[in-house]
Amino acid sequence: MIDVQIAVDAVRLALERGATDAECTLADGDEFSARVRMRELETLKEAGSQAAGLRVLMGRRAGSGYTSDLTREGVRQMVESAVELAGIATEDPFAGLPDDNELGSWDGDLKLWSDDVASLEARFKIDEALAAEQAALAADERIVNSEGASFDSWTGGRAFANSRGFAGAYRTSSCSLSVTPVARQDGRMERDYWFSLARSHAGLEPAAEVGRRAAERALRRLGSRKLPTCKVPVIFEPRTARTLVGHIFEAVNGDSVYRSATFLAGRLGERAASEQVTVVDDGTIPGLFGSSPFDDEGVPSRRTVVIERGVLKTWLLNSYAARRLGMKTTGNAARGVAGNASIGHGNFFLEPGDKSEQEIVRGIGRGLYVTELIGSGVNIVTGDYSRGAAGLWIEGGEFAYPVSEITIAGKLPEMLTGITQVGSELEFRGSTASPALVIGEMTVSGR
Amino acid sequence: MALSESLFARKFGITAHDLENWLGEALHSGGDYADLYFEYVENSSISIDESIIKSAVRGVSLGVGVRVVSGERTGYAYSDDLSAEKIRHACRVAAAIASGPAKVDKTGLSEGPKRSVYPLLDGSFTLQDRVALVERADRAARAWDHRVFQVQASFVDNVRHVLIATSDGAMTHDVQPLSRLGVRVLARENGGRPQSGYAGGGGRIPLEAFTGDRSPETWAAEAARQAITQLEAVDAPAGEMTVVLGPGWPGILLHEAVGHGLEADFNRKGVSAFSGRIGQKVASELCTVVDNGTIQNRRGSLNVDDEGVPTQENVLIENGVLRGYLADKLSGRLLNAASTGSGRRENYQNIPMPRMTNTFMLSGESDPADIIRSVPRGLYCANFGGGQVDITSGNFVFAASESYLIEDGRLTRPVRGATLIGNGPEALKYVSMVGNDLRLDEGIGICGKEGQSVPVGVGIPTMKIDRMTVGGTAA
């Protein structure tokens, strides 16, 4: 378990060297990864690492250093480096730490740690990966190959201390199981994947289920066609809807707001999405991946409603962006270990609506159901959205055939106000999540 | 440079004898091959935002990765502590992949000849010099046009020391400098919707080389020009049309359309759309594509790859015919071929895999102006954001960030950002003209694969593709 005292000592040393304020982050962890392919063990990886980062303020000038050497000498060099760098920075009237009364920690068991992860035997983890892959390979004779399956586990800790007296630490554990089968038909191949991720081994989906779903996804892509260019309703399944929720996060990120680098800048209090849309950031849900007792500036995690029935209620802020915008931090500071804090999210999700995915598909009549998005064609400054897509064509309220090598495009401000339906099932596979959703009309480009 | 002159000998007292012992430890349960990869990276990052130097970070990361290969199996462990005890422990953990009698080590390690495709930095470029670069970029972007209202510039540089020792008897060490200056600009007209522009570059160059074509003023002006141009942009078209790619960075098309699909790990597993297609025609005869890690000072270049193998020029496609894959040691051996010097890793915590270095298409014979003149209606793409590929289906995308409509053989209006999509083994068959103006990119490329990022370069001459799907909104 990481020793928060190292951070406390680094902060004290920084003050001795003339810093007016300082904050130190420590992180350590042990990773294990077993990867199998075509029923054979392929890779075993096992190792531990640690790192420290220090940010100092000399008045309103900030400098940072980091190191993986946590000995007294390593920490001393990091302190010297940060102090030297503060010397070349410019006075920034907004540089600082959170106010003393903003510091603290969420009180309650967030269930971020489970003993069962650290106690799993290597052999067992290999067998789980083999079982998941075998379930995919056995699912259908068209599953002819595999990019493999892996079982990964992680146990680690984070600690933080600053010169205002905050010192805290917590441990996290996680494990995951994933499979990527390859299906073939008429000389064309398609791959897809499925995975399960949990804080405890007990929370993982059964290996056979992970493999079966991966195979099902790869199989349903076979025989795909390219669509003619058209404007139609688009259904995002949860896995792709989640990426839209990620774009909403980027658009309410306080760092982008004060630079006017988001299409939502200046829209606080206004309708930014349809009435179906309520978006919440909650860093306090036990057992989830976006949960933590405090953020990376020592401010308690909390629940924040970002968009309520379509109305933009707040930005997500760290203390810097908050001072810059004349607001209060929302406890969303994030960083690796080094440098100024950026802004991150806790569990960031779209609240479920009342229709099952099946009802949604039936109700849509004709349109596109998107199962995969690739590429980086999203501009948060302008809201321009254009990405590569694959999915299923819906005709008469039913899946008709798979489609690929198409793009979907629109403008995020109109896409958000154009969300006509939100599904009823919400599942977390990471720190962002969304039920299925429907956007009334987008441009699909193809033949 | 002898081992004794390397940082690992001077700072950590590592000797050839130590390396041999540790390799022996790694192979104590058998296995076909083992290697040790020591890495020490000094990193510095300075950035200006709202004309304030808000962030200045310096740090060191170091460690050793130990790999043991037994048949198709790989065992891997690493340590960020370079004490003999921790290194031995990592060797034993990695060895758990193998089971059998100890492999007897052979005659010891020897250093091979090595070229030198980048300079040794002397440390004379100070923090203040770095600050001056980003301050100049900030001033130049703001001075370029009154509509520029936000400027962020950053200068990131690092020096990566590596020492690689392998059980096949090779030992090599290298000092790899890398730097990059980037400028991001927002512009708006009368309080309207902002548009953004980005430009930057660098490479494995002396830090004093950020002058002239590489000056902060050059990239600041380019970023500002892009943002201002976008203020006039109309909606991008949707559907299939003729696309002309401008020279340089649009070479990312090759990286996505063919480069990844030719990495030998995917091909030995038979999961790439290019698997088993060597000798087949996968592009028009006008296309010759190479990957070359030996070009002086380029961002993607290396003296030796991260398995200690000298980099080389690899011909991927020659006059439209698929010629070869990019292999690391493991995938090379399993395909009965040699490594092509393409084994790369993000850092000591990661297992190397086949990766690209600098990937580009050779010049053709057409005048770029004639290429544009030949298009009655289409899209000209001057700049790109990122791209991505599904190597199994072969479908790839890249995001055009600066493009123009071509109408009656002339560039007319700028259009908003749009994604282009195609299929790797098919797309280049529609290349009908290749310009005589090959240009490599400015040195900003980062390639991601299975969670590992490495610096790469791309390049292309002006190129016309008769048919490609453009993902705009104007149907």
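Each chain carries its own residue numbering, running from 1 in the direction its sequence is written. Lettering of chains starts at A and numbering of ligands starts at 1, both following the order in which they are written. With the structure being a predicted model, the display of local features is reserved for residues of pLDDT at least 70 and the display and counting of side-chain atom pairs for 80 or more, all residues being used for whole-chain, interface and lining totals. Water and hydrogen atoms were dropped before computing side-chain values, which therefore reflect all heavy atoms in the structure.

A. Quick look at helix H3 (residues 84-95) of chain B. Put simply, DSSP marks the helices as runs of H or I at least four residues long and the strands as runs of E at least two long, and each gets a number from the N terminus on. Take the residue count of a helix, subtract one, and multiply by 1.5 Å to get its expected span. Over its 12 residues, H3 of chain B runs 16 Å from end to end, which matches the ideal 16 Å to within 8%, given 1.5 Å per residue. Any two residues whose heavy atoms approach within 4.5 Å are treated as being in contact. Looking at the buried side of H3 of chain B, the elements it contacts are helix H2 (16-26), strand E1 (33-49), strand E2 (52-70) and strand E3 (73-79) of chain B.

B. Looking closely at the sheet that holds strand E19 (residues 432-433) of chain A. Residues and elements named next belong to chain A. At least two DSSP bridges between two strands are required for those strands to pair. In spatial order, the strands read E11-E10-E9-E14-E19; together these 5 strands make up an open sheet with mixed pairing. Sheet topology places strand E11 (311-312) and E19 at the edges, where each strand pairs with a single neighbour. On top of the sheet, helix H6 (residues 238-252) reaches strand E9 (279-282), strand E10 (303-308), E11, strand E14 (347-350) and E19; it is set at about 115° to E14, its chief contact. Throughout, an axis means a line fitted to C-alpha atoms (over the contacting stretch in the case of helices), and angles, computed between N-to-C directions, take values from 0 to 180 degrees.

C. Focus on the interface of chain A and chain B. Chain A puts 74 residues into the contact, and the matching count from chain B is 75 residues. Throughout, the accessible surface (probe 1.4 Å) given up by two parts as they are put together, summed over both, is called the buried area. When the two sides are added together, the surface that chain A and chain B hide from each other amounts to roughly 5800 Å², 50% of it contributed by carbon and sulfur. By definition here, a salt bridge exists when the distance from a side-chain nitrogen of Lys or Arg to a carboxyl oxygen of Asp or Glu is within 4 Å. The interface formed by chain A and chain B includes 9 salt bridges. Between Glu42 of chain A and Arg268 of chain B there is a salt bridge whose closest N-O contact spans 3.5 Å. Polar contact criterion, stated in full: a pair of N or O atoms within 3.5 Å, where within protein one must be able to donate a hydrogen and the other to accept it, and residues adjacent in sequence count only if both atoms are side-chain atoms. At the surface where chain A touches chain B, the tally comes to 35 residue pairs in polar contact (both at pLDDT 80 or more). It is strand E2 (residues 40-58) of chain A that contributes the most residues to the side of chain A that touches chain B, 11 residues altogether.

D. Examining the packing of aromatic side chains more closely. All names here are of chain B. Here the aromatic set is Phe, Tyr and Trp, taking the six-membered ring for Trp, and pairing holds for ring centres within 6.5 Å; pairs whose planes are under 30 degrees apart are stacked, those over 60 apart are edge-to-face, and all others are tilted. Inspection of every chain in the model, using the stated rule, returns 19 aromatic pairs over all chains. Their ring planes at 55° and their centres at 5.9 Å tell us that Phe8 and Phe38 sit as a pair that is tilted. Of this pair, Phe8 sits in helix H1 (residues 7-12) while Phe38 sits in strand E1; the two residues are 30 residues apart in sequence, bridging distant segments of the chain. As far as the burial class goes, Phe8 and Phe38 line up, both buried. Aromatic side chains Phe125 and Phe155 sit 6.4 Å apart centroid to centroid with 45° between the ring planes, which places their arrangement in the tilted category. Separated by 30 residues along the polypeptide, Phe125 in the loop between strand E4 (110-111) and helix H4 (127-144) and Phe155 in strand E5 (residues 148-166) bring together distant segments of the chain. Accessibility classification places Phe125 together with Phe155 in one group, the buried group. Type-normalised accessible area, obtained with a 1.4 Å probe on protein chains alone, sets the label of each residue: buried when under 20%, exposed when over 50%, and partly exposed for intermediate values.

E. Unusual backbone geometry, seen in detail. All names here are of chain B. If you check the backbone angles, Glu50 has positive phi at about 55° while not being a glycine. Locating Glu50 in the fold gives a position in the loop between E1 and E2. The backbone phi angle of Ser51 is positive, close to 65°, even though this residue is not glycine. Here Ser51 is to be found in the loop between E1 and E2.

F. Layout of the pattern of salt bridges. Under the counting rule described, the total for this entry stands at 70 salt bridges over all chains. For Arg191 of chain A, the salt bridge identified is with Glu147 of chain A, shortest N-O distance 2.5 Å. One end of the pair, Arg191 of chain A, is in strand E6 (residues 188-191); the other, Glu147 of chain A, is in strand E4 (residues 143-162), with 44 residues separating them in the sequence. Each member of the pair, Arg191 of chain A as well as Glu147 of chain A, is classed as buried. Taking the shortest distance from any N to any O, the salt bridge between Asp384 of chain A and Arg416 of chain B comes out at 2.7 Å. Placement of Asp384 of chain A in strand E16 (residues 384-395) and of Arg416 of chain B in the loop between strand E17 (410-415) and strand E18 (418-423) is noted, with the two residues assigned to different chains. Overall, the relative accessible area of 9% leaves Asp384 of chain A in the buried class. A relative accessible area of 17% means that Arg416 of chain B is categorised as buried. One continuous salt-bridge network, built from bridges that share partners, spans Glu147, Glu190, Arg191, Asp192, Arg217, Arg220, Arg221, Glu237, Arg239 and Glu372 of chain A together with Asp390 of chain B.

The values are spatial; any link to function lies outside them.
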